[in-house]
Amino acid sequence: MAPVASAMPAPANGVHSQEVEESPALPAVAAKKMDPSLKFLIYGRTGWLGGLLGKLCEKQGIPYEYGSGRLENRSSLEADVAAVKPTHVFNAAGVTGRPNVDWCESHKVETIRANVVGTLTLADVCKQNGLIMMNFATGCIFEYDEKHPLGSGIGFKEEDTPNFAGSYYSKTKAMVEDLLREFDNVCTLRVRMPISSDLQNPRNFISKIVRYQKIVDIPNSMTILDELLPISIEMAKRNLTGIWNFTNPGVVSHNEIMEMYKEYIDPELSWVNFTIEEQAKVIVAARSNNEMDASKLAKEFPEMLGIKESLIKFVFAPNRKTKAASK
Ligand SMILES: NC(=O)c1ccc[n+]([C@@H]2O[C@H](COP(=O)([O-])OP(=O)(O)OC[C@H]3O[C@@H](n4cnc5c(N)ncnc54)[C@H](OP(=O)(O)O)[C@@H]3O)[C@@H](O)[C@H]2O)c1
């Protein structure tokens, strides 16, 4: 009997096997052929990216299970690998801070434990088991500088040395990225200011800036998850490794996104801008602003959209609440 995907929710233990036996009780529409050549082990079940990855696997018929181990606990990771026997491991786990990265400034040891010790431990367990680890990292390790000035169109490349350590979160992410370079089984995906079509999600960059009292207005590279998370799965299938700027090509500014929001969602939206200096007074740690050079990813995936086109296609058009202007 061919295994099929089910729409059953994940059990409380966090392990969700997608290979359930075909059941006559399941409606035909729920049946989907599973790909027997793949089995993903995903860390970050309760997180934003990890949750979306599981949903994508279900949609694409890829068998997966969530890891139940903690990243810094080597034996728990080894037990997960032994039990799941994955073909690939996705690491979408780590501390990002709640309500934001400022948390990491006052929780440095916890930040090191998960993001440095934990990430390295998982990479090493994968290495010892001959597995590729798709690692969701960050591009917030760069900031505009003289060689990459704002508005120049010159983005930071994969081989550039991080120049932003204004927050403890970014500092440790840059350190671990450097160490991970030595692991030939790791695919580092530098995510930035992730955006998804779920505008209710408080982690979404758009939901954040829409509810802030004041926002800066700086062009940045960003990651449209609806378009790029499926690309991360394709990258695993292609067994790609190394460092990748994982952003849509080009930049978009805060005000440009607010203008799109006005056009597609709420014509009444208004906002107040403030400067980086004024912003610094209401946050603990500095935030990075940069343009990433996405040409390596675009060469591998030529169909990938530029950031503004992707925002409209994957985020604003599906959420449109206003009437489209007649031509
Ligand atoms: N969201 C962003 O703005 C952003 C931007 C760039 C890059 N990234 C990176 O992308 C990755 C995923 O981000 P996200 O936004 O999905 O994060 P998230 O929503 O904060 O989720 C983090 C996940 O990691 C798990 N976790 C934390 N510490 C762990 C540990 N020691 N062992 C095992 N699991 C642990 C959490 O589980 P528990 O709740 O059980 O601890 C949770 O499932 C992170 O590495 C993040 O740095 C995120």
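As a reminder, the structure under discussion sits directly above these lines.
Everything in this summary refers to the structure shown in the same document. Here the structure is a predicted model, which is why all the values come from computation and not from measurement.

What counts, and where the lines are drawn
Residues numbered from 1 in each chain as written. Predicted model: local features only at pLDDT ≥ 70, side-chain atom pairs only at ≥ 80, totals over all residues. Helix = DSSP H or I, 4+ residues; strand = E, 2+ residues; numbered from the N terminus. Buried ≥ 20, exposed ≤ 12 C-beta atoms within 10 Å, placed from the backbone. Contact = placed C-beta atoms within 7 Å. Pairing = 2+ DSSP bridges. Axes fitted to C-alpha atoms, helices over the stretch in contact; angles between N-to-C directions. Near = placed C-beta within 6 Å. Nonpolar A, V, L, I, M, F, W, Y, C, P; charged D, E, K, R; others polar. Arc of directions from axis to C-beta. Parallel < 35°, antiparallel > 145°, perpendicular 65-115°, else oblique. Left-handed = near helix turned anticlockwise from the far one by under 90°. Core = buried A, V, L, I, M, F, W, Y, C linked by C-beta atoms within 7 Å.

**Looking at the overall build of the protein**
Okay, step 1: Counting its regular elements, the protein contains eleven helices and eight strands.
Okay, step 2: Counting every position in the protein, which comprises 327 residues, the buried fraction comes to 39%.
Okay, step 3: Sequence-distant contacts in the protein: of pairs separated by 6 or more residues, those separated by 24 or more amount to 79%.

**A short note on the sheet that holds strand E7 (residues 242-245)**
Okay, step 1: Strands sit in the order E2-E1-E3-E4-E5-E7 across an open sheet of six strands; the sheet is parallel. With one partner strand each, in any of the chains shown, strand E2 (64-66) and E7 form the two edges of the open sheet. Taken pair by pair, the neighbouring strands of this sheet meet at an average axis angle of 20°, ignoring direction.
Okay, step 2: Sheet topology note: the strand E1 (residues 40-43)/E2 ladder contains three bridges and is parallel. Paired with Ile42 across the strands is Tyr66, a residue of E2.
Okay, step 3: Sheet strands touched by helix H1 (residues 48-60): E1, E2, strand E3 (88-91) and strand E4 (132-138). Its angle to E1, the strand with the most contacts, is close to 155°.
Okay, step 4: Helix H4 (residues 108-128) rests against E1, E3, E4 and strand E5 (186-191) of the sheet, and its axis sits at about 160° to E4.

**Observations regarding the site of the ligand**
Okay, step 1: Around the ligand there are 24 residues in total, and Gly47, Trp48, Leu49, Ala93 and Gly94 lie nearest to it.
Okay, step 2: At the level of elements, H1, H4 and E4 are the ones that each hand at least two residues to the shell around the ligand.
Okay, step 3: With three residues, H1 is the single largest residue contributor to the shell around the ligand.
Okay, step 4: In terms of residue class, the shell around the ligand is built from eleven nonpolar, eight polar and five charged.

**Side note on helix H11 (residues 307-316)**
Okay, step 1: Within H11, the full set of buried residues consists of Ile307, Ser310, Leu311, Phe314, Val315 and Phe316. Angular distribution of buried residues about the axis of H11 spans 150°; they occupy a single face of the element.

**Overview of the pairing of E3**
Okay, step 1: Burial of E3 is two-sided: the residues His88 and Phe90 facing one way and the residues Val89 and Asn91 facing the other way are all buried.
Okay, step 2: As paired elements, E1 and E3 share four bridges and run parallel to each other. Residue pairing for E3: Ile42 is matched across the bridge by Phe90.
Okay, step 3: Where E3 lies against E4, four bridges are found, and the strand directions are parallel. Residue pairing in the sheet places His88 in a bridge with Ile132 of E4.

**A word on the environment of Thr119**
Okay, step 1: Mapped onto the elements, Thr119 comes out in helix H4.
Okay, step 2: Judged by the 28 C-beta atoms lying within 10 Å of it, Thr119 falls in the buried class.
Okay, step 3: Considered as a pair, Thr119 and Asn135 are 16 residues apart in the sequence and their alpha carbons are 8.4 Å apart.

**What to know about the environment of Pro149**
Okay, step 1: Here Pro149 is to be found in the loop between E4 and helix H5 (168-180).
Okay, step 2: Remark: the alpha-carbon pair of Pro149 and Asn290, spanning 141 residues in sequence, is separated by 8.7 Å.

**Examining the packing of H1 against helix H7 (residues 225-237)**
Okay, step 1: The N-to-C vectors of H1 and H7 enclose an angle of 70°; their axes lie 10 Å apart at closest approach. What the angle tells us is that H1 and H7 run roughly perpendicular. In the packing of H1 onto H7, the handedness of the crossing is right-handed. Touching Leu52, Leu53, Leu56 and Gln60 of H1 are Leu225, Leu229, Pro230 and Ile233, all from H7.
Okay, step 2: Here the contact of H1 with H7 is built from residues that sort into seven nonpolar, one polar and no charged.

**Here's the deal with the packing of H4 against H5**
Okay, step 1: The interhelical angle for the contact between H4 and H5, taken along N-to-C directions, is 20°, at an axis separation of 10 Å. Between H4 and H5, the interaxial angle falls into the category roughly parallel. In terms of crossing hand, the pair formed by H4 and H5 is right-handed. Contacts between H4 and H5 involve Lys108, Thr111, Ile112, Asn115, Val116, Thr119, Leu120 and Ala123 from the first element and Tyr168, Tyr169, Thr172, Lys173, Met175, Val176, Leu179 and Leu180 from the second.
Okay, step 2: Tallied by class, residues from the contact of H4 with H5 come to ten nonpolar, four polar and two charged.

**Describing the nonpolar core**
Okay, step 1: By size, the foremost hydrophobic cluster in this structure holds 65 residues, and its most contacted members are Ile42, Leu122 and Met133.
Okay, step 2: In terms of residue count, H7 provides more of this core than any other element does, six residues in total.
Okay, step 3: Filtering out sequence-adjacent residues up to four positions away, Leu122 remains in contact with Tyr43, Leu71, Leu77, Val89, Asn91 and Met133.

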